[in-house]
Each structure stands twice: as C-alpha cells, then as structure tokens.
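Here are the chains, one letter per residue:
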Amino acid sequence: MQPDSVSQIIANAYDAALAPQLWTAALESLAGFVGAVAAPPTSYPATGGVEWACFSGPSVDLKGDYIEHYAGLDPFTPLLHAGGGRWQALSACLPEELLRRDERYNDFVLKAGVSDILGATLFDSSSHTVILGMHKETGKAPFAPACVAALQQALEVLTHNIDTRTPEGR
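First things first, this report covers the structure right here in the doc. (Residues numbered from 1 in each chain as written. Predicted model: local features only at pLDDT ≥ 70, side-chain atom pairs only at ≥ 80, totals over all residues. Heavy atoms only, no water.)

Using the criterion set out here, one finds 3 cavities of 30 Å³ or more in the structure. Empty space within the largest cavity amounts to approximately 160 Å³. Lining the largest cavity are 17 residues, and of these Tyr66, Asp74, Arg104, Ile131 and His135 sit closest to its centre. Breaking the lining of the largest cavity down by element, the ones donating at least two residues are β1 (41–45), α4 (77–81), α7 (103–109), β4 (114–124) and β5 (128–137). Of all the elements, β5 adds the most residues to the lining of the largest cavity, at 4 residues. (1 Å grid on protein atoms, 1.4 Å probe; cavity = no way out; pocket = protein on both sides within 12 Å on 5 of 7 lines; lining within 4 Å. Points joined across faces, edges and corners; volume = space filled by probe spheres on them. Helix = DSSP H or I, 4+ residues; strand = E, 2+ residues; numbered from the N terminus.)

Structural data, given as structure tokens:
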C-alpha cells in the first residue's frame, strides 16, 4: 500500500462529496485500489427505503432492482449500523446457511458476479444513513488485510470530514 495512493483516493472522495457527478470515478478508484469490482454507496432516509444509490462495476445494471426490491430484503445493512465505524465482511457477518437461502444474496449479489462485500457506515444521522460497500468479484482472492487497513484509514478520514460538512456537524 502506498500512502500517496490512499491520500489521492481520500482527496477524490472529498471532491465527490461536493460534486456528486464525481462519485463514480472516485469509487472506481477506491475499488480498484483494494481489488474490488464495485463500490456502491447507498443512502437510506430515516423513513425507510433507499434515497439514492451510486453503483459501479458489474452491479450497475441491477441498480433499479436493488432500489425497488432488494434493498428492503438486505440483512447486511442493519449489521453495518451497529459496526462501530469499522469495515465488515458480509461473509463474516451472516452465516453461510442463511446466505444460501437469502433472496437478495442469491438473486442480486451472486447475479452481479460478487462473492463477498465489505461494508461500512460512512454517515449516520437522525435524518439518513450512507453505507459504502466494496464488492469482491466471484473467483477472486479475499480482501487482503493490508487493503482492509487502508480502507479503515480512509473511512476514519472520510467519516470525520463528512460529519463536519453536514448541517448536523456544524
């Protein structure tokens, strides 16, 4: 891991926070850095449902299906809320037995060519929550510990910065 690479990825994310059209490039850069195929952030308003989602990689064609159907079936997202600001792997949070019979996992995650997801809460307030996920392509090696450490470094900087840029953080 090169610190300059992590710094550039963090800078790209800061830029995207102020210019949403830059999210796709920033997320693709972050995903590529850690060997992921996608990095979709999703915003959930306190009222439920999905407010917006930015997908990249193989799941991009399934974005509408996710928003309209699969987000409501997601057993992983509630676990990320309790994650304490740390990256969590879908495979470590949910038992394989549950995943084998889970509609969202089988009809959305696997259909997108994804074998595992690293997720973290990027922002959480009384009005909404933003979740960031890194998708690992089926057949690829698991996320390397050094990549997870770099992601954690980026997450700590991003969550601090985002908290201070929101009305709740002012």
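In this section: the nonpolar core. Of all hydrophobic cores here, the largest spans 24 residues; its most connected members are Val34, Trp87, Leu118, Met134 and Leu151. Where this core is concerned, the elements lending two or more residues are α1 (3–18), α2 (23–33), β4, β5 and α8 (145–165). In terms of residues, this core owes the most to one element, α2, which gives 5 residues. With residues up to four places along the chain from it excluded, the contact list for Leu118 reads Trp87, Gln88, Ala89, Leu132, Gly133, Met134, Phe143, Val148 and Leu151. Ala53, Ala71, Leu99 and Ile131 belong to the second-largest nonpolar core, a separate cluster that totals 20 residues. (Core = buried A, V, L, I, M, F, W, Y, C linked by side-chain atoms within 4.5 Å. Buried < 20%, exposed > 50% of the residue type's maximum accessible area, 1.4 Å probe, protein only. Contact = heavy atoms within 4.5 Å.)

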